[in-house]
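Working through the structure, step by step
For reference, the chains in residue letters:
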Amino acid sequence: MILEALRKRDCAVELHQDSDLVLPLDAERWPGGNVVLMRSMSLTRSRYLAAILEVKGARVVNSARAIATCGDKILTNLALAAHGVPMPWSFAGFEEEACVAEIERRGYPVVTKPAVGSWGRMVARIDGRSAAEGLMQMRFETGSASDHVALVQQYIDKPGYDLRVYVMGRAVGGIRRRSEHWVTNTARGAVPERYEVPESHAKLAERAAAAVGVDIAAVDLLETRGGELLVNEINHCVEFARSIEITRVPLPELIADYAIGVHP
Ligand code: ADP
Ligand code: ZN
Ligand code: MG
């Protein structure tokens, strides 16, 4: 759909599959100031590809740095905090006992999730000490060395939905994701709804995007029962298969317009 939108705009487009690419790691710059729209769903691939293509002189949307920050929820939270963007309180820890003690000190419920993950996978709520012990033990005694970090956050009691604001330089629209379950990913069965983004939500999403340095992103906001707004995460690869018809935010067209407007 993005390709079609670009071609409709008389744009010369080349499509490359990440699976076919082998890129030389040298400093030779390639001719022509190309814009690369990174659509690889793989964090590993997109992060390395963006870094390599930037050295070769391309303007990559999103940048390698933005991908690395958004792809890791600990680094995202850190960037948000550094820029004073409101978010659930969060901490990172490296050992089971220290993490359980800190959770006990802060009080329940809390949320833990993989620092690197998506589609709501392994996002877990901890309601008491035995769950805290079990989940922290699993975090540190399974997986590989790179998994051995815990991200723990304040649990936000949402009003049955979360909010997603699409930012492309500026906020261009959004969706509300409603669910009976507290995990409101559409990949987990939440239903996307139309949502007219109020000015205050748009401003917050734009601040969050600026904090992590993304061009194009889906910024997820959590609303508390009291109406306070917090930034949950920033998705650097905007997906739209499940939401586009219902929400009528023309994402492929907006992405094409943004890419054309970028200059290397
Ligand atoms: P993913 O990258 O897998 O989508 P998220 O951090 O966005 O990970 O978590 C998935 C969903 O879980 C969110 O959309 C939200 O509905 C819920 N969620 C995540 N963190 C919290 C939290 N701290 N408080 C309440 N709900 C949360
Ligand atoms: Zn995500
Ligand atoms: Mg999410």
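Quick summary incoming for the structure in this document.

Definitions and limits used
Residues numbered from 1 in each chain as written. Chains lettered and ligands numbered in written order. Predicted model: local features only at pLDDT ≥ 70, side-chain atom pairs only at ≥ 80, totals over all residues. Heavy atoms only, no water. Near = heavy atom within 4 Å. Polar contact = N/O pair within 3.5 Å; in protein donor to acceptor, adjacent residues only side chain to side chain. Areas by Shrake-Rupley, 256 points an atom, 1.4 Å probe, with all protein chains shown as cover. Nonpolar A, V, L, I, M, F, W, Y, C, P; charged D, E, K, R; others polar. Donors = N, O, S within 2.8 Å, 3.2 Å for Na, K, Ca; no water. Tetrahedral: all angles 85-135°; square planar, octahedral: opposite > 155°, others 65-115°. Buried < 20%, exposed > 50% of the residue type's maximum accessible area, 1.4 Å probe, protein only. Phe/Tyr/Trp six-rings, centres within 6.5 Å; stacked < 30°, edge-to-face > 60°. Helix = DSSP H or I, 4+ residues; strand = E, 2+ residues; numbered from the N terminus. Lys NZ or Arg CZ within 6 Å of the ring centre and 35° of its normal. Pairing = 2+ DSSP bridges. Salt bridge = Lys/Arg side-chain N within 4 Å of Asp/Glu carboxyl O. Axes fitted to C-alpha atoms, helices over the stretch in contact; angles between N-to-C directions. Contact = heavy atoms within 4.5 Å.

**Section: the site of ligand 1**
- Lining the immediate environment of ligand 1, one finds 23 residues, of which Lys73, Lys113, Gly120, Thr184 and Asn185 sit closest.
- The backbone of Trp119 places a nitrogen or oxygen atom 3.3 Å from an oxygen atom of ligand 1.
- The backbone of Gly120 places a nitrogen or oxygen atom 2.6 Å from an oxygen atom of ligand 1.
- Expressed as a share of its isolated accessible area of 540 Å², the protein-covered part of ligand 1 is 99%.
- Classifying every residue of the shell around ligand 1 gives eight nonpolar, eight polar and seven charged.

**With respect to the coordination of the zinc ion (ligand 2)**
- Only Glu233 (OE), Glu233 (OE) and Asn235 (OD1) from the protein coordinate the zinc ion (ligand 2), and they sit 2.2 to 2.3 Å from it.
- Taken together, the four donor atoms coordinating the zinc ion (ligand 2) span angles of 58 to 173° at the metal, a pattern that classifies the geometry as irregular.
- Between the zinc ion (ligand 2) and the magnesium ion (ligand 3) the interatomic distance amounts to 3.4 Å, and Glu233 serves as a bridging ligand to the pair. Grouping residues by exposure puts Glu233 and Asn235 together as buried.

**Remarks on the packing of aromatic side chains**
- Summed over all chains, the structure comprises one aromatic pair.
- An angle of 80° between the planes, with centres 5.7 Å apart, marks the rings of Tyr155 and Trp182 as edge-to-face. Remark: Trp182 occurs in the loop between β8 (170-178) and β9 (191-194) and Tyr155 occurs in the loop between β6 (150-154) and β7 (161-168); sequence separation between them is 27 residues.
- Residue placement shows Arg106 over the ring face of Trp89; its charged tip is 4.5 Å from the ring centre.
- Positioned above the aromatic ring of Tyr161, the side-chain terminus of Arg176 is 5.4 Å from the ring centre.

**Quick notes on the pairing of strand β4 (residues 110-113)**
- Side chains Val110 and Thr112 of β4 all project onto a buried face; the interleaved residues Val111 and Lys113 project onto the opposite face, where all are buried too.
- In the sheet, β4 pairs with strand β5 (residues 124-126) via three bridges, with the strands oriented antiparallel. Looking at β5, one finds that Val111 is bridged to Arg125.
- As paired strands, β4 and β6 are joined by four bridges and run antiparallel to one another. Of the residues in β6, the one forming a bridge with Val111 is Gln153.

**Topic: the pattern of salt bridges**
- One pass over the full model with this rule turns up 20 salt bridges.
- A salt bridge links Asp257 to Arg9; the nearest nitrogen and oxygen atoms lie 2.6 Å apart. Of this pair, Asp257 sits in helix α9 (residues 251-261) while Arg9 is found in the loop between α1 (2-8) and β1 (35-37), placing the two residues 248 residues apart along the sequence.
- Using a relative accessible area of 26% as the deciding quantity, one classes Arg9 as partly exposed.
- Of the charged contacts, one joins Arg129 and Glu133 as a salt bridge, the two residues approaching to 2.7 Å between their closest N and O atoms. Residue Arg129 and its partner Glu133 are both found in helix α6 (residues 129-141); the two are separated by four residues, about one turn of the helix.
- We classify Glu133 as partly exposed; its relative accessible area is 32%.
- Overlapping salt bridges, with partners in common, bring together Lys8, Arg9, Glu253 and Asp257 in one network.

**Focus: the sheet that holds strand β3 (residues 90-93)**
- Pairing in this open sheet of four strands is antiparallel, and the strands run β3-β6-β4-β5 from one edge to the other. Looking at which strands have only one partner, the edges of the open sheet turn out to be β3 and β5. The average undirected angle you get between the axes of adjacent strands in this sheet is 30°.
- With respect to the sheet, helix α5 (residues 96-106) is in contact with β3, β4, β5 and β6, its orientation differing from that of β3 by roughly 160°.
- Its contacts with the sheet place α6 against β3, β4, β5 and β6, and it is angled at close to 135° to β5.

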